[in-house]
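Geometric and topological summary
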Amino acid sequence: MTLVVKKDDLDPDSVTGRLGLRPSAVRLPGVDRWNPAGDTDGQWRLQCDERTTRIFSEQLDVILRAAEGCARVLEILRAEGCETFIVISGFADDDSQIVFSGEDMARISRLQTSVKIIPNVNER
């Protein structure tokens, strides 16, 4: 699970300073050497994965607490043309489920950010 800030001319160091959070990864604007035909926007990412916890609700809580702590700055970044969103990705099979509590949905709504779910349905 990842909190993402992106923009075509994003300066990741500036985002780090403004949010007061150390990112898990950044990408400067331009062609990605691993995916030359892909997105060229600059990105700032804060990730929570199975190294922190394997429990979905706990990962979501980590990301939401971080975002809530800098919600005003995220709002300003959006006003300046940045896109902010939470990415949920992982392996899925026929009976995979993601459960959001009502409180989770309320927290996401208050942040005024979107959630992108990217399942990997390749057979393992």
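See the structure printed just above.
Per-chain numbering applies: the sequence of each chain, read as written, is numbered from 1 onward. For a predicted model such as this one, the threshold for reporting local features is a pLDDT of at least 70, and the threshold for listing and counting side-chain atom pairs is 80 or more; totals across whole chains, interfaces and linings nevertheless cover every residue. For the side-chain quantities, the full set of heavy atoms in the structure was used; hydrogens and water were omitted.

1. Comments concerning the overall build of the protein chain
Along its length, the protein chain carries four helices and five strands. Start at the N end of the protein chain and walk to the C end: the helices and strands fall as β-α-β-β-α-α-β-α-β. Our radius of gyration looks at C-alpha atoms and nothing else; its globule reference is 2.2 Å times the residue count to the power 0.38. By the compact-globule yardstick of 14 Å for 124 residues, the protein chain fits well, its C-alpha radius of gyration being 15 Å. If you line up the protein chain on its principal axes, its C-alpha atoms span 40 × 35 × 25 Å. Helix and strand assignments follow DSSP, with helices taken as H or I runs no shorter than four residues and strands as E runs no shorter than two, numbered in order from the N terminus.

2. With respect to the packing of helix α2 (residues 56-69) against helix α4 (residues 102-111)
Where α2 meets α4, the axes come as close as 11 Å, and the angle between the chain directions of the two elements is 30°. Considering their axes alone, α2 and α4 lie roughly parallel with respect to each other. You can see that α2 and α4 cross each other, and the crossing is left-handed. For the pair α2 and α4, the contacting residues are L60, D61, L64, R65, A67 and E68 in the first and D104, R107, I108 and L111 in the second. The residue classification treats Ala, Val, Leu, Ile, Met, Phe, Trp, Tyr, Cys and Pro as nonpolar and Asp, Glu, Lys and Arg as charged. All others, Gly included, are polar. Tallied by class, residues from the contact of α2 with α4 come to five nonpolar, no polar and five charged. For helices, the fitted line uses only the C-alpha atoms of the stretch in contact; every axis is such a line through C-alpha atoms, and the angle between N-to-C directions lies from 0 to 180 degrees. By definition in this entry, angles of less than 35 degrees are roughly parallel, angles greater than 145 are roughly antiparallel, angles of 65 to 115 are roughly perpendicular, and the rest are oblique. Here a crossing is taken to be left-handed if its near helix is turned anticlockwise relative to the far helix by less than a right angle, and right-handed if that turn runs clockwise. For this analysis, residues touch if any pair of their heavy atoms sits within 4.5 Å.

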